[in-house]
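So the chains spell out like this:
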Amino acid sequence: RSFEAVGGTPSEANGRFHYQDWGDPGHTLTARAFRPSRNGPHLVQVLYANGAGPINTGIACGVKRVVVTDEAGGEVVGDVVLVMPQLGRWDRWAMSSFVPVTLEAGKTYRFEITGDATTINMSELAHFATYNGTGGRDGPFARVDIAELRVLAKGLAVSRANDQ
């Protein structure tokens, strides 16, 4: 709920709060003031839903860009494509691909998720203009539902109660 959202609609549908119908040109989701507790490599991903078609076509796969910026200096420390494959229905949630980024403890970062001319899916290609599903005859389709942004510190040992 703490994203600064441009586009999409805040929704409680499908079992969790998320931004629904998000991802048209000009839409952005921004998370500010993230302070990592550790230096080094991190992985960024989002919890998403993409019911734009069956899992075996990929024509309306969600393809967006995540730009990670040091808020104090304005330096872009990560700019990587995020992939959110079709899941067959809108009430199924999954984790996106990982976006690697190196962060420094004590610094404050901004994460912006957006689309641009280089983050397109197959629905943009003329070849699929006759396709009967989403992203075909009715035109390109780039929307997904996004519920969470996760930042994971890489290389940390995880202990479990039953580990020896």
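These numbers were taken from a predicted model, which means no experiment stands behind them.

K.L.:
Quick question: what am I supposed to make of the sheet that holds strand β6 (residues 62-70) here?
P.N.:
Across a sheet, strands are paired by hydrogen bonds formed along the backbone, either parallel or antiparallel in direction. Taken in spatial order, the five strands of this open sheet run β1-β4-β10-β6-β7, and their pairing is antiparallel. The open sheet is flanked by β1 (4-6) and β7 (76-84), the only strands paired with a single partner. Adjacent strand axes in the sheet meet at a mean angle of 15 degrees when their direction is disregarded. Sheet topology places β6 next to β7; eight bridges connect them, and they run antiparallel. Counted as the bridge partner of V66 is V80 from β7.

K.L.:
When you look at the packing of aromatic side chains in this model, what are you seeing that I'm missing?
P.N.:
Where two aromatic rings form a pair, the distance of their centres and the angle of their planes describe that pair. Overall, the coordinates contain three aromatic pairs when judged by the stated rule. Summarising the aromatic geometry, the rings of F3 and Y19 are spaced 5.9 Å apart at their centres and angled 75 degrees between planes, so their arrangement reads as edge-to-face. Taken together, the residues F3 in the segment before β1 and Y19 in strand β3 (residues 18-22) connect sequence positions 16 residues apart. You can call Y19 buried: its relative accessible area is 5%. Their ring planes at 85 degrees and their centres at 5.4 Å tell us that F17 and Y19 sit as a pair that is edge-to-face. Judged on exposure class, the residue F17 and its partner Y19 are both buried.

K.L.:
Can you walk me through the side chain of Q45 in this structure?
P.N.:
Note that Q45 resides in strand β5 (residues 40-49). Taking the relative accessible area as the measure of exposure, Q45 reaches 7% and is therefore buried. Excluding residues within four positions of it along the chain, Q45 makes contact with L82, M95, S96, S97, F98, E148, L149, R150 and L152.

Each value, and the rule that gives it
- Residue numbers run consecutively from 1 along every chain, following the written order of its sequence.
- Under the rules for a predicted model, residues below a pLDDT of 70 receive no local features and side-chain atom pairs below 80 are neither given nor counted, while totals for whole chains, interfaces and linings still include all residues.
- Only hydrogens and water are removed before side-chain values are computed, so all heavy atoms of the structure are retained for them.
- Only when DSSP finds a minimum of two bridges between them are two strands counted as paired.
- A run of H or I in DSSP becomes a helix once it reaches four residues, and a run of E becomes a strand once it reaches two; helices and strands are each numbered from the N terminus.
- Every angle, taken between N-to-C directions, lies between 0 and 180 degrees, and every axis is a line fitted to C-alpha atoms, over only the stretch in contact when it is a helix.
- Any Phe, Tyr or Trp ring, taking Trp's six-membered ring, that has another such ring centre within 6.5 Å forms a pair; planes under 30 degrees apart are called stacked, those over 60 apart edge-to-face, and the others tilted.
- Each residue is assigned to one of three classes by its accessible area relative to the maximum for its type, calculated with a 1.4 Å probe on protein chains only: buried under 20%, partly exposed between the two thresholds, exposed over 50%.
- Two residues qualify as a contact provided that any one of their heavy atoms is within 4.5 Å of a heavy atom in the partner residue.

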